[in-house]
Amino acid sequence: MDTNKISAWDRVVLARHPKRPTSKTLIDYIFPDFLEIHGDRLFGDDQAFICGIATLNGMPITVIAQEKGRTTEEKIKKNFGMPHPEGYRKAIRLVKQAEKFERPVCFIIDTPGAYPGIKAEERGQANAIAQNLTELITVEVPMISVVLSEGGSGGALAIGVSDQVWMFENAIYSILSPEGFASILYKDSTKASEAAEVMKLTAKDLYEFKIIDKIIKEPNGGLHDNPQTAFNDFKKSLEETFKELKKMPIHELLQKRYNKYRLMGKFEDI
Amino acid sequence: MDNFFDVRKSKLDVFNNNIRKKVVVQTKINISEGLFTKCESCNELIFHEDLLANLNVCPHCNYYFRLSARRRIQSVVDKGVLTEMFLNVNTTNPLNFPGYLDKISQYQESSQERDAFVCGKASIKGIDVAIGALDSNFMMGSMGSAVGEKVTKLIEFATLEKLPLVIFSASGGARMQEGIFSLMQMAKTSAALKYHSNAKLLYISVLTNPTTGGVAASFASLGDINIAETKSLIGFAGPRVIKQTINQELPAGFQTAEFQLEKGFVDLIVERHKMRDTIGKLLKLHKKEV
């Protein structure tokens, strides 16, 4: 299969492939010394987020990742990668910690979306996401977000405000799942493949829209075929980019980060 | 025995006539004259002028009708005067979504607004403010690029002019037809608010019915003071989505203004009639000595 020519829906299928590596696999491979740390200090420890500290070529960094789980048992424990508010609060706590100790932050996005449930609402899902969006814009260390497989809506964006946003080639990033989109706009969730084309959710589309800054190439059959090369490329880019971003004076880094999001959106002046 | 049936028949006739008459009367008034509005809650007919004067609240049962963005702002600012700003921002169709611009045109016609956000400069109880309101009559107050841009411009204006900011939200969330561009408006508006906040300026966010999705999960939740209007539905996911996900009924009072107060996500609940006075009081309490 030539991944240059496949449809948007094919990429959705690849992004959700049962054998596709999860954040845990990526972390184990590129950060062998990763030390997981837990909890939001407010309510609990959301298992849909794996957070910790690791070194990248000797440089300590904070890693904040959404994890879907690999086995059925793991998936249930991780709530299929759908975080509750405490997950977002754990993430922002560890970002602040990274800022204090001047560690760059790497976010790994992989979620169908923030969990829509009773407890999530009771504990302020909307508030947790909003807080992250507003806090991340002025964090005084370099930050990079990468969408590994699925970037679902506000639940992904809540760790997607960074100096650079990257995507793996067959990852998707969208306002809603194609099924949800089809069910709202076509009143028919079975039209998801049609929706996927219209939504422009592939890495290629989003790169053209300047929503993302880099695409990490995957092997032809998808990431699960042979993830090592893509993982190594990602690690190398991460090293190089953090090195570059660290050279930038903080006020310039923050100004650039602000401008990046400020320019997003398409409208006309009349 | 015959007598029994006669009595019953005459009772039935009276009943039927009354019901029929009632229906006829209502239809006649609603269609031919348009002077009355039927309350969606208690079914009483309300003289249209009375409803307007009562800020779209039913005088019989206190039901809250929707309030357009423009009337919402007029209802709280001094003399109802708004110096409107950023009128030149117009919606486009970034994903070439079929029928989107036609839909926009229809809403523009019915609402006489360009999109779902009206904003500008005004004063409340003599204090200058940057003020804006989402319009739930315009595509459910959804936030696309144009709405996000206007919200951001308003926040940046407030930061630059050192003004307190008041935003009324009424929205189903991000606008699906603009896909990822709508999603990014959440980041853009929240980023602008961080700089407004760092400048030690006051932001009052008023969450009205309904405030959900991408608007709830961005600027609407970020007030120094979050006010919920009485009887508003406020939450991240809509009740239907949650019900589908968990496959069970939702508890009574879920996602109401009272629920948000109890869970600690809004500072106070304010009735529509007291909104102007409450905002005025808050502005006064935050006024800096010059």
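The structure we're discussing is the one just above.
Residues numbered from 1 in each chain as written. Chains lettered and ligands numbered in written order. Predicted model: local features only at pLDDT ≥ 70, side-chain atom pairs only at ≥ 80, totals over all residues.

Visitor: How should I be thinking about the overall build of chain B in this particular structure?
Guide: For chain B, the helix and strand inventory stands at ten helices and ten strands. Looking at chain B as a whole, 45% of its 290 residues are labelled buried. (Helix = DSSP H or I, 4+ residues; strand = E, 2+ residues; numbered from the N terminus. Buried ≥ 20, exposed ≤ 12 C-beta atoms within 10 Å, placed from the backbone.)

Visitor: So what exactly am I meant to see when it comes to the interface of chain A and chain B here?
Guide: When the parts of a complex come together, some accessible area is lost, and that lost area is often taken as the interface size. Facing the 43 residues of chain A at the interface are 45 residues of chain B. Breaking the side of chain A that touches chain B down by element, the ones donating at least two residues are helix 5 (118-122), helix 6 (125-136), helix 7 (153-157), strand 7 (172-174), helix 8 (178-185), helix 9 (192-199), helix 12 (250-262) and strand 9 (267-269) of chain A. Among the elements that take part in the side of chain A that touches chain B, helix 6 of chain A stands out by supplying seven residues, more than any other. Counted by class, the side of chain A that touches chain B contains 26 nonpolar, ten polar and seven charged residues. Two elements, strand 9 of chain A and strand 4 (residues 89-91) of chain B, share three bridges in a ladder whose sense is antiparallel. From the neighbouring strand, Phe267 of chain A faces strand 4 of chain B, where its bridge partner is Thr91 of chain B. (Contact = placed C-beta atoms within 7 Å. Nonpolar A, V, L, I, M, F, W, Y, C, P; charged D, E, K, R; others polar. Pairing = 2+ DSSP bridges.)

Visitor: Please clarify how the sheet that holds strand 7 (residues 165-171) of chain B should be interpreted in this entry.
Guide: Two orientations exist for strands paired in a sheet by backbone hydrogen bonds: parallel and antiparallel. All names here are of chain B. The strand order across the open sheet formed by seven strands is 3-5-6-7-8-9-10, and the pairing between neighbours is mixed. The open sheet terminates on both sides in strands that have one partner only, identified here as strand 3 (83-84) and strand 10 (268-270). As paired strands, strand 7 and strand 8 (residues 203-211) are joined by six bridges and run parallel to one another. The residue of strand 8 that forms the bridge with Val166 is Ile204. Of the strands in this sheet, strand 5 (117-124), strand 6 (127-134), strand 7, strand 8, strand 9 (225-229) and strand 10 touch helix 10 (residues 275-285), which is tilted by about 65° from strand 5. (Axes fitted to C-alpha atoms, helices over the stretch in contact; angles between N-to-C directions.)

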